[in-house]
Amino acid sequence: MSDYQLETLCVNAGYTPGNGEPRQIPIIQSTTFRYESGEEMGKLFDLEAPGYFYTRLQNPTNDMVAAKICALEGGTAAMLTSSGQAANFLAMFNLCSCGDHIVASSSIYGGTFNLISVTMRRMGIDVTFVSPDCTDEELDAAFRENTKLVFGETIANPALTVLDIEQFASAAHRHGVPLIVDNTFATPVNCRPIAWGADIVTHSTTKYMDGHGTGVGGAIVDSGKFDWMAHADCFPGLTTPDESYHGITYAEKFGNAGAFITKCTAQLMRDLGCIQSPQNAFYLNLGLESLHVRMARHCENGQAVAEYLEKHPKITHVSYCGLPSDPYYARAQKYLPKGSCGVVSFEIRGGREAAARFMNSLKLAAIETHVADARTCCLNPATTTHRQMNDEQLARAGVPAGLVRMSCGLENAQDLIADIAQALENID
Ligand SMILES: *Cc1c(COP(=O)(O)O)cnc(C)c1O
């Protein structure tokens, strides 16, 4: 299956039915699995034989959908989680514990920023944030003896900066640690971070992968490329026996291809239980089947809307890396040659009043705290997600009061532009 092109993998990877079996991935809506002998089940518990015994650890529907995402990203193993937040937490916590340190791009999703800078700090894990535009020297200076990983987003939500994946991967590898890339906005259709040196890829599948606003979910994919045993002292969780799991040494027993995801499943999913329901995994797979077709349209609409806005006198600034005027245009041409995503952010002359009036005047685009689904939606951070901040604080956070984030859906681009045009006419 891995020899096929991406479009074919979107439709077919992860599940090949046998003679007379269901054509579509079956939903195995069962918490547990029956065995005829206790010995057989014992082997499963010891990870001596493959198979299912309890859905908190593994479920066939989830595994089939994870296998598709794994094929799309070009990894060796993958797992689903209950949300994108869970995916990023598990991926990072699988490598570090109290007393360790993370290097992360400062341009990341707000939820991930809180997770790292507040919640993980409370667990004794420290972080140094670096600009996505930092020099190699600045990046090198962020590392410490106890650094365990580097984290960034291919296209950051909501800043829409583009990560120099090769630069961040080289720095991580110079310091003997892996690079984790959250590839939610680009999806593997537009960028495959593993091909550029990323070691682990995460997703909020809630966004384009699901694509219909149906289910919250996440995924983690391992490239299988990081050599844990070569950095054994740095990653004892992978390279020494896990006494909580029958003394297994993950890197020895499962090799570089399987150690990371096996540990993350057998240890973290076992203890934290943030699983995706098989029903949601089924919906996610329906989204994946058309991901390649949808991404092309999201990008087409995003580009058309961004080009229209850039020429409009009431718009003072547009961020979209598909515009030649965007500071991330060159980087996007390298990492995202097929397009970036459907999310465009722009600033309206007149601050928060003008932005609120513009949004209230939209007839087609809805006001939502969401991005990346089939229906166009928008948000003014100053009056919603960031409403506790005054104008000065907003400016310092890089979120001006008049900023609108619009997620272009799959509608006709001229209809979207006409809606924006009539709403802009409503502001003086
Ligand atoms: C939405 C999002 C998340 C969090 O995902 P949830 O599924 O909402 O938990 C993480 N990273 C990025 C880039 C996101 O856009």
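Here the residue index of a chain counts from 1 through its sequence in written order. Totals for whole chains, interfaces and linings use all residues, but because this is a predicted model, local features are given only for residues with pLDDT of at least 70 and pairs of side-chain atoms are given and counted only at 80 or more. To obtain the side-chain values, all non-hydrogen atoms of the structure were used and water was disregarded.

Okay, the overall build of the chain next. For the chain, the count of helices and strands is 16 helices and 12 strands. Referenced to the eigenvectors of the C-alpha coordinate spread, the extents of the chain come out at roughly 75 × 55 × 40 Å. Each residue gets one of three labels from its accessible area relative to the maximum for its type: buried under 20%, exposed over 50%, partly exposed in between, using a 1.4 Å probe on protein chains only. Taking all 428 residues of the chain together, the buried fraction comes to 54%. Should any heavy atoms of two residues lie within 4.5 Å, those residues are counted as being in contact. Sequence separation of 24 or more characterises 72% of the internal contacts of the chain that already satisfy a separation of 6 or more. When the accessible area of the chain is evaluated, it comes to approximately 17700 Å², of which 51% is carbon and sulfur surface. Numbered from the N terminus, helices here are DSSP runs of H or I no shorter than four residues, and strands are runs of E no shorter than two. Computed with a 1.4 Å probe, the accessible areas rest on the Shrake-Rupley method; for each residue, only the protein chains presented here act as cover.

Within the fold, H370 resides in the loop between β10 (366-367) and β11 (377-379). On the basis of relative accessible area, H370 is assigned to the buried category, the value being 18%. Among residues more than four places away in sequence, those in contact with H370 are T206, K207, G213, C377 and R405.

Because the α-helix completes a turn every 3.6 residues, residues three or four places apart line up on one side. Among the residues of helix α14 (residues 351-361), those classed as buried are A354, A355, F358, M359 and S361. Projected onto a plane normal to the axis of α14, the buried residues spread over an arc of 165° and lie on a single side. In α14, the exposed positions that point more than 90 degrees away from the buried face belong to E353 and N360. Of the surrounding elements, those touching the buried residues of α14 are β9 (343-348), β10, β11, β12 (403-407) and α16 (413-425). Comment: arc refers to directions from the helix axis out to C-beta atoms.

Bringing the site of the ligand into the picture now. Proximity criterion: a residue is near a molecule or strand once any of its heavy atoms comes within 4 Å of it. Taken together, 16 residues lie near the ligand, and G84, D182, S204, T206 and K207 sit nearest. Between the ligand and G84, the relevant distance is 2.8 Å, taken from an oxygen atom to a main-chain nitrogen or oxygen of the residue. Interatomic distance of 2.8 Å between a side-chain N/O atom of S204 and an oxygen atom of the ligand. When isolated, the ligand has an accessible area of 380 Å², and the protein chains bury 92% of it. Per-element tally for the shell around the ligand: the top contributor is helix α4 (residues 84-93), with 3 residues. When grouped by side-chain class, the residues that make up the shell around the ligand number 3 nonpolar, 10 polar and 3 charged. Throughout this description, a polar contact denotes any pair of N or O atoms lying within 3.5 Å of each other; where both atoms belong to protein, one of them has to be capable of donating a hydrogen while the other can accept it, and for residues adjacent in sequence the pair is counted only when both atoms sit in side chains. Under the grouping applied here, Gly and all other residues not named as nonpolar or charged are polar, the nonpolar ones being Ala, Val, Leu, Ile, Met, Phe, Trp, Tyr, Cys and Pro and the charged ones Asp, Glu, Lys and Arg.

On to the nonpolar core. By convention a nonpolar core is built from buried Ala, Val, Leu, Ile, Met, Phe, Trp, Tyr and Cys residues, the set being connected through side-chain atoms within 4.5 Å. In this structure, I220 and W228 are the most contacted members of the largest nonpolar core, which totals 101 residues. If one sorts the elements of this core by residue count, helix α10 (residues 250-272) sits on top with 9 residues. Counting contributing residues per domain, this core is built from domain 1 (6-286) and domain 2 (293-425), each supplying no fewer than three. If we skip the residues at most four places from it in the chain, W228 touches L95, P178, I200, F235, L238, T239, A251, N256, A259 and F260. Ranked by size, the runner-up nonpolar core spans 27 residues in total, among them V305, A306, L309 and A355. Segmentation of the chain into domains, including their bounds, is taken from an automatic or database domain assignment.

This part covers the domain arrangement of the chain. Under the domain assignment, the chain is made up of domain 1 (6-286) and domain 2 (293-425). Carbon and sulfur atoms supply 58% of the area that domain 1 and domain 2 bury against each other, a total of about 2400 Å² over both sides. Whenever a carboxyl oxygen of Asp or Glu lies within 4 Å of a side-chain nitrogen of Lys or Arg, that contact is scored as a salt bridge. The tally of links between domain 1 and domain 2 comes to 2 salt bridges. A salt bridge links K334 to E166; the shortest N-O distance between them is 2.5 Å. Linking domain 1 with domain 2 are 17 residue pairs in polar contact (both at pLDDT 80 or more). Among the secondary structure elements, those contributing two or more residues to the side of domain 1 that touches domain 2 are α7 (165-174) and α8 (187-190). Looking at side-chain class alone, the side of domain 1 that touches domain 2 contains 14 nonpolar, 10 polar and 5 charged residues. Two parts placed together each lose some accessible area; with a 1.4 Å probe, that loss summed over both constitutes the buried area.

Here a cavity denotes grid points, spaced 1 Å and computed from the protein atoms alone, that fit a 1.4 Å probe unable to get out, and a pocket denotes an open set having protein on both sides within 12 Å along at least 5 of 7 lines; residues with an atom within 4 Å of a point are the lining. Grid points are joined across faces, edges and corners, and a volume is the space filled by probe spheres set on the points. What the largest pocket holds in volume is close to 1000 Å³. Looking at the largest pocket, it is lined by 36 residues, and the ones nearest its centre are I108, N157, P158, H386 and V399. Sorting the residues of the lining of the largest pocket by element identifies α5 (110-122), β8 (315-319), β9 and β12 as the ones contributing at least two each. The dominant element in the lining of the largest pocket, judged by the number of residues it contributes, is α5, at 4 residues. Class assignment of the residues belonging to the lining of the largest pocket gives a composition of 16 nonpolar, 16 polar and 4 charged. When residues of the lining of the largest pocket are assigned to domains, at least three map to each of domain 1 (6-286) and domain 2 (293-425).

The subject of this paragraph is the sheet that holds strand β2 (residues 101-105). Strands sit in the order β1-β7-β6-β5-β4-β2-β3 across an open sheet of 7 strands; the sheet is mixed. The open sheet has two edge strands, β1 (77-81) and β3 (126-130), and neither has a second partner. Put simply, the sheet's adjacent strands are angled 20° from each other on average, direction ignored. The rule for pairing is simple: two strands pair if DSSP sees at least two bridges between them. Taken together, the 4 bridges between β2 and strand β4 (residues 147-153) define a ladder with parallel strand orientation. When the sheet's bridge partners are listed, V103 is paired in β4 with V150. Where α5 meets the sheet, its contacts fall on β2, β3 and β4, and the angle it forms with β3 comes to roughly 150°. An axis is simply a line fitted to the C-alpha atoms; with a helix, the fit covers only the stretch in contact. Between two such axes, the angle follows the N-to-C directions and lies from 0 to 180 degrees.

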